[in-house]
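Spelled out, the chains give:
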Amino acid sequence: VNPTGAVSVVNYRGNTYCFASSCPSCKVPLAKAKVLDPTSETGSDPRVCCDFCSATFNVRTGDRVEDAGGAGFLGGIVKGLMSAQEKVPLATYGLGEKGGSVYINLP
């Protein structure tokens, strides 16, 4: 079952996370997004940063967090345009395993 389109699965320091593969802010695929270390804002949870608009999300909860920045000229323009939009969270999904197969736990 595919929840709402493609998903990304990331293993970060022994923990596996599953989230929507498109940025909810700019709708661009997160194919080149960077997984970043946790901050005081995310506790022990890593972050994922859209390489196009710099929107940054907690990979466990999907909450929008302080942007990681560094988007360059085009990303800066997009970030400015997107900042007026509602801060939509990144869809996240739990994972399960049964008989060697990985399953997405839908809410």
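Procedures and definitions
- Residues numbered from 1 in each chain as written.
- Predicted model: local features only at pLDDT ≥ 70, side-chain atom pairs only at ≥ 80, totals over all residues.
- Heavy atoms only, no water.
- Pairing = 2+ DSSP bridges.
- Helix = DSSP H or I, 4+ residues; strand = E, 2+ residues; numbered from the N terminus.
- Core = buried A, V, L, I, M, F, W, Y, C linked by side-chain atoms within 4.5 Å.
- Buried < 20%, exposed > 50% of the residue type's maximum accessible area, 1.4 Å probe, protein only.
- Contact = heavy atoms within 4.5 Å.
- Axes fitted to C-alpha atoms, helices over the stretch in contact; angles between N-to-C directions.

Looking at this structure, I do not really get the sheet that holds strand S6 (residues 64–65). What am I missing?
Where strands meet in a sheet, backbone hydrogen bonds hold them as pairs that are either parallel or antiparallel. The sheet built from four strands is open, its strands ordered S3-S4-S5-S6 with antiparallel pairing. Every interior strand has two partners, whereas the edge strands, strand S3 (34–36) and S6, have only one. As paired elements, strand S5 (residues 56–58) and S6 share two bridges and run antiparallel to each other. Residue Phe57 lies in a different strand from S6, and its bridge partner there is Arg64.

Where do I start with the nonpolar core in this structure?
Soluble globular proteins tend to pack their nonpolar side chains together in the buried interior. Counting 15 residues, the largest nonpolar core has Phe19, Cys23 and Leu90 as the members making the most contacts within it. Counting only elements with at least two residues in this core, the list comes to strand S1 (7–12) and strand S2 (15–20). Element by element, the count of residues in this core is highest for S2, at three residues. For Cys23, the residues in contact, after removing those within four places along its chain, are Val28, Leu30, Cys50, Cys53, Ala55 and Phe57.

How should I be thinking about the environment of Ala68 in this particular structure?
In this fold, Ala68 is placed in the loop between S6 and helix H1 (72–82). For Ala68, a relative accessible area of 36% corresponds to the partly exposed category. Residues Ala68 and Thr56, twelve residues apart in the sequence, show an inter-C-alpha distance of 6.2 Å. Not counting the four nearest positions on each side in its chain, Ala68 is found in contact with Leu36, Arg47, Cys49, Ser54 and Thr56.

What exactly am I supposed to notice about the sheet that holds S2 here?
The four strands are arranged S1-S2-S7-S8 in an open sheet whose pairing can be described as antiparallel. Two strands close off the open sheet at either side, each with one partner strand: S1 and strand S8 (101–105). Within the sheet, the average angular offset between the axes of one strand and its neighbour, ignoring direction, is 35 degrees.

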